[in-house]
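For reference, the chains in residue letters:
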Amino acid sequence: MTDPLLEIDDLHVHFHTEEGTVEALDGVSLTVERDEVVGVIGESGCGKSVTAFSTMGLLQSPPAEVVSGSIRYDGRELLDLSDDELDGIRGDDITMIYQDPMSSLNPVLTIGHQLTEPLLAHRDISKAAARQKAIEMLEACGLADAERLMDEYPDALSGGMRQRVVIAMALITEPKLLIADEPTTALDVTIQAQIMDLLRDLREEFEMSVLIISHDLAVISEIADRMAVMYAGNVVETCSMRELFEAPLHPYTRKLAESIPSLETSVQRLPTIEGTVPELIDPPTGCRFASRCPDYIGSECDEIDPQLAEPEGIRDHEVACHYYTDESDAEPPWQIQGVEDQ
Amino acid sequence: MSLQRTQDAESTDALLAAEEVQKYFPIRSGILKRHTADVKAVDGVSFEIRRGETLGLVGESGCGKSTLGKTMMRLLDPTGGRIYFDGEDITDVSRKRLRQLRRDMQIIFQDPGSSLNPRMNVADLITEPMRSLTDWDKTKRQNRLYELIEEVDLQENHLTRAPHEFSGGQQQRIAIARALSVNPSLIVADEPTSALDVSVQAKILNLMEDLQEKYNLTYLFISHDLSVIKHICDRVAVMYLGELAEVAPADRLFETPKHPYTRALLSGVPRANAERMDDRIILDGSVPSPEDPPSGCRFHTRCQEYIGDVCETSDPELDAVGDGHVCACHHYD
């Protein structure tokens, strides 16, 4: 088996603020295999964007500080690279799409200028060839009349078209890894469907790996092979998309999925999670979900931070919860089973 | 005879009704700022909201749903058509009467962070509508304030704090308490949970349902999120480019959507169960400009069930297609 394309291991990131040190990432571990789409889901402040920005080396320091951990891309430790070395990778091998298509395009430069920029920066290529490539990429992203678009400014385009341009820009260097941070959150439902469809096609065409981040489980479920659920700076569960829906193991994952209204089922009242996300300045020492957990076991939850691991007898499914560790003998109040057994 | 009575009962049951309501925004251009064209944000919309129900208004951004909500409350002056509140024609009422009506109709916005005045503390924010719209004395206002914060699950020690000290969910609770303070019968909720995380959204939706039951509130619930609409609404109106495409009881709309646009909207909703994606309808392009909407049926440029010339030449009316279910599409003529 080859090495994973991206391997984030025990990453700790702190933000130093006037109020104190925010422990934003508390040992995040995440891998993206070659030709795999990994979805990261979690609520605001859980650290999903910080994880993405760390990988791109885009955290502003100060206030941010990578305290410990490692981010290996294709076997290379990204955290040890200088800015110059990092520039050879990001924008070329690893690219990123951001949430807001308006603010990720420069309003005073033409679409063509912005699209050819990554190529001219990273490749030994003539302007004419770069332009040709840009036009092809716009067409691949479903934009008709690409020739004309090249000379337009971003404000001439609708939100959906802008996001297509942003995607074209991210794909023009044919990256091995695409990081998409809430790529459709600012878009309407019908446009969202178009964009997700496009991303799915393009990733097959270019055989990229994708790390897609969203607060919307349903959006991610359309494209991801594997999921990572984050809560308050930790990855609390990773598993295949199917297992997330059919056999989730972490109490938070179970609750989160229940609290989303669905078109398929009707409930009188939406189940909710008591309380709020803990402050990450001086966070709880044990499990960060303990104070809100509907299935709280006892003092071990408050005192010992559960590590992400495969429970006994289950493969390719990791969870960070004391129901599955040696710290507690308690059995979870739901059935544990692999999806295949059903 | 008894049939006649039920019909009468139904017709008086409308708390808020729109009759061919239009709202145009003028475009002025040139040095003289001449009126050169109109953005037809709402263009001939008729519907009613029944007492005690939640009517969902759904559509993509720019379809006119927020403008319609504000026009129905008379926060915007309609360009044409009539609006009735509790049987009274409120289209041209006096300023004085309009102020009285503000007590009956309140609104909650999407982003409480920007709709709550950052210079006021929570107590002032919640009591402000009572100070400006009622003649209640200070004791009565204070009593109501304490009632309200309990109702929306805020703490007494929150009262002296400023809105920016709260999370999005708590800010929305403040906005709800503020809207509720003057005992309205109708609340227009414009994307009230769109800026919130899902677990917080669930709590706010539950709170809105509890308050509706307790105070017999009527909601106009505006959202682009069909799953939320399905969860909270009794009836749903689907809007496209300034017009209503379809209105139906929520369960009917989601089980047997009639309008091609509604069907495309529904099929665009990402499903947790990935196996159903094959029959998805993906619409081409985006919504045309409301400045120069397509002729005939406004949806014909994107419709996948386009019949022919009739779609381009004749604007379909909302016709009955079943029990309490109306749809504006030539397929059902």
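Colleague: When you look at the overall build of chain B in this model, what are you seeing that I'm missing?
Modeller: Along chain B, the regular secondary structure elements total 12 helices and 12 strands. For chain B, the C-alpha radius of gyration of 21 Å lies close to 20 Å, the compact-globule estimate for 333 residues. For the C-alpha atoms alone, the extent of chain B along its principal axes is close to 65 × 60 × 55 Å. By residue count, 44% of the 333 residues in chain B fall in the buried class. Considering only contacts in chain B between residues 6 or more positions apart, those separated by 24 or more positions represent 65%.

Colleague: What is the right way to read the overall build of chain A from this model?
Modeller: Across its full length, chain A holds 11 helices and 11 strands. Its C-alpha radius of gyration of 21 Å places chain A within 12% of the 20 Å reference for a compact globule of 342 residues.

Colleague: What should I look at first to understand the sheet that holds strand E9 (residues 235-240) of chain B in this one?
Modeller: Two modes of strand pairing occur in sheets, parallel and antiparallel, and in both the strands are linked by backbone hydrogen bonds. Residues and elements named next belong to chain B. In space, the 8 strands of this open sheet follow the order E6-E7-E8-E3-E9-E10-E12-E11, with mixed pairing throughout. Here the strands that pair on one side only, and so sit at the sheet edges, are strand E6 (105-108) and strand E11 (319-322). Here the strands of the sheet are splayed against their neighbours by 25 degrees on average, with no regard to which way each runs. Across the sheet, helix H2 (residues 65-72) touches strand E3 (54-58), strand E7 (186-190), strand E8 (218-223) and E9, and the angle it forms with E8 is around 155 degrees. Helix H11 (residues 260-268) rests against E9 and strand E10 (243-249) of the sheet, and its axis sits at about 100 degrees to E9.

Colleague: Help me understand the interface of chain B and chain A in this model?
Modeller: Accessible area lost on assembly of the parts is the figure often given for the size of an interface. Chain B puts 30 residues into the contact, and the matching count from chain A is 31 residues. Only helix H8 (198-215), helix H9 (226-232) and H11 of chain B provide two or more residues apiece to the side of chain B that touches chain A. No other element matches H8(B), which puts 6 residues into the side of chain B that touches chain A. In terms of residue class, the side of chain B that touches chain A is made up of 15 nonpolar, 9 polar and 6 charged.

Colleague: Mind showing me how you'd approach helix H7 (residues 168-180) of chain B here?
Modeller: Residues and elements named next belong to chain B. Its 13 residues place the ends of H7 18 Å apart at the C-alpha level, agreeing with the 18 Å of an ideal helix rising 1.5 Å per residue. Taking burial as the measure, the 13 residues of H7 include 12 buried ones, the bulk of the element. Of the residues making up H7, those classed as buried are Gly169, Gln170, Gln171, Gln172, Arg173, Ile174, Ala175, Ile176, Ala177, Arg178, Ala179 and Leu180. Elements that come into contact with the buried residues of H7 comprise E6, helix H4 (112-115), helix H5 (122-133), helix H6 (138-151), E7 and H8.

Colleague: Please clarify how H2(B) should be interpreted in this entry.
Modeller: Every α-helical turn comprises 3.6 residues, leaving residues that sit three or four positions apart pointing alike. Residue and element names in this part refer to chain B. In terms of burial, H2 is largely enclosed, as 7 of its 8 residues are buried. Those residues of H2 not exposed but buried are Lys65, Ser66, Thr67, Leu68, Gly69, Thr71 and Met72. Directly after H2, the chain includes Arg74, whose backbone phi takes a positive value near 65 degrees.

Colleague: Just to check I follow, could you spell out the nonpolar core for this structure?
Modeller: Side chains of nonpolar character tend, in soluble globular proteins, to be buried together. Membership of the largest hydrophobic core comes to 179 residues, with the highest contact counts inside it found for A:Ala168, A:Leu211, B:Leu220, B:Phe221, B:Val238 and B:Met239. Apart from residues no more than four positions distant in its own chain, B:Val238 is found in contact with B:Val58, B:Gly59, B:Leu244, B:Ala245, B:Glu246, B:His259, B:Tyr261, B:Thr262 and B:Leu265.

Colleague: What's the story with the packing of helix H3 (residues 111-122) of chain A against helix H4 (residues 127-140) of chain A in this structure? I'm lost.
Modeller: Packed helix pairs are characterised by how far apart their axes lie and by the angle those axes make with each other. All names here are of chain A. Orientation of H3 relative to H4, taken along the N-to-C sense of each, is 115 degrees, at an axis distance of 9 Å. For the crossing formed where H3 meets H4, the hand is right-handed. Facing H3, whose interface residues are Gly112, Leu115, Thr116, Leu119 and Leu120, H4 presents Ala130, Arg131, Lys133, Ala134 and Met137. By residue class, the composition of the contact of H3 with H4 is 6 nonpolar, 2 polar and 2 charged.

Colleague: Would you mind showing me how to read the sheet that holds strand E11 (residues 318-319) of chain A here?
Modeller: All names here are of chain A. As summarised here, the arrangement of the 7 strands in space is E6-E7-E8-E3-E9-E10-E11, forming an open sheet in which the pairing is mixed. At either margin of the open sheet sits one strand with a lone partner, and together these are strand E6 (94-97) and E11. Summarising the sheet, strand E7 (residues 177-181) and strand E8 (residues 209-214) pair through 5 bridges and their orientation is parallel. Along E8, the bridge assignment pairs Asp181 with Ile213.

Colleague: Would you mind going over the confidence of the model for chain B with me for this structure?
Modeller: Segments scoring low in pLDDT should not have their predicted coordinates read at a detailed level. Here chain B averages 89 in pLDDT, while 94% of its residues score no lower than 70. Confidence over residues 1-11 of chain B falls short of pLDDT 50; this stretch has 0 contacts with residues more than four positions distant or in other chains.

Colleague: Hey, could you run me through unusual backbone geometry in this one?
Modeller: If a residue is not glycine, its phi is most likely negative; likewise, a peptide bond is most likely trans. A cis geometry characterises the amide bond from A:Ser61 onward to A:Pro62, with omega recorded as -10 degrees. For A:Pro62, the location among the structural elements is in the loop between helix H1 (48-55) and strand E4 (64-73). Omega for the peptide link from A:Pro62 to A:Pro63 comes to 10 degrees, which places this bond in the cis form. Following the sequence through the fold, A:Pro63 ends up in the loop between H1 and E4. Despite not being glycine, A:Glu207 shows a phi value in the positive range, around 50 degrees. Using a count of 10 C-beta atoms within 10 Å as the deciding quantity, one classes A:Glu207 as exposed. Not every positive phi belongs to a glycine, and B:Leu241 is a case in point at roughly 50 degrees. Residue classification places B:Leu241 among the buried residues on the basis of 25 C-beta atoms within 10 Å.

Colleague: Can you help me understand the packing of helix H6 (residues 159-171) of chain A against helix H7 (residues 189-206) of chain A in this one?
Modeller: Residue and element names in this part refer to chain A. Contact geometry for H6 and H7: axes closest at 10 Å, N-to-C directions at 15 degrees. Considered as vectors, H6 and H7 are oriented roughly parallel to each other. Helix-helix and strand crossings are classified by hand; for H6 and H7 the assignment is right-handed. Facing H6, whose interface residues are Gly159, Gly160, Gln163, Arg164, Ile167 and Leu171, H7 presents Ile191, Gln194, Ile195, Leu198, Leu202 and Phe206. The residue inventory of the contact of H6 with H7, partitioned by class, reads 7 nonpolar, 4 polar and 1 charged.

Colleague: Could you clarify how one ought to interpret the pairing of E8(A) in this entry?
Modeller: Here is the key point about a regular strand: its side chains alternate between the two faces of the sheet. Residue and element names in this part refer to chain A. Within E8, 6 of the 6 residues are buried, leaving the element largely enclosed by the surrounding structure. Of the two faces of E8, both are covered, the one formed by Ser209, Leu211 and Ile213 as well as the one formed by Val210, Ile212 and Ser214. For strand E3 (residues 37-41) and E8, the ladder comprises 5 bridges, and the chain directions are parallel. Looking at the pairing, Ile41 lines up with Ser214 of E8. Between the parallel elements E7 and E8, the chain passes through H7 in a crossover that is right-handed.

Colleague: Where do I start with the environment of A:Val236 in this structure?
Modeller: Residue and element names in this part refer to chain A. Structurally, Val236 can be placed in strand E10 (residues 234-240). Put simply, Val236 and Leu308 are 72 residues apart on the chain and 6.5 Å apart in space, counted from C-alpha to C-alpha. Beyond its immediate stretch of four places on either side in the chain, Val236 contacts Val229, Met230, Tyr231, His250, Tyr252, Thr253, Phe289, Val319 and Ala320.

Conventions used here
Residues numbered from 1 in each chain as written. Chains lettered and ligands numbered in written order. Predicted model: local features only at pLDDT ≥ 70, side-chain atom pairs only at ≥ 80, totals over all residues. Helix = DSSP H or I, 4+ residues; strand = E, 2+ residues; numbered from the N terminus. Rg over C-alpha atoms; globule rule 2.2 N^0.38 Å. Buried ≥ 20, exposed ≤ 12 C-beta atoms within 10 Å, placed from the backbone. Contact = placed C-beta atoms within 7 Å. Pairing = 2+ DSSP bridges. Axes fitted to C-alpha atoms, helices over the stretch in contact; angles between N-to-C directions. Nonpolar A, V, L, I, M, F, W, Y, C, P; charged D, E, K, R; others polar. Expected span 1.5 Å × (residues − 1). Core = buried A, V, L, I, M, F, W, Y, C linked by C-beta atoms within 7 Å. Left-handed = near helix turned anticlockwise from the far one by under 90°. pLDDT = per-residue confidence, 0-100. Parallel < 35°, antiparallel > 145°, perpendicular 65-115°, else oblique. Right-handed = clockwise from strand over helix to strand, strands pointing away.

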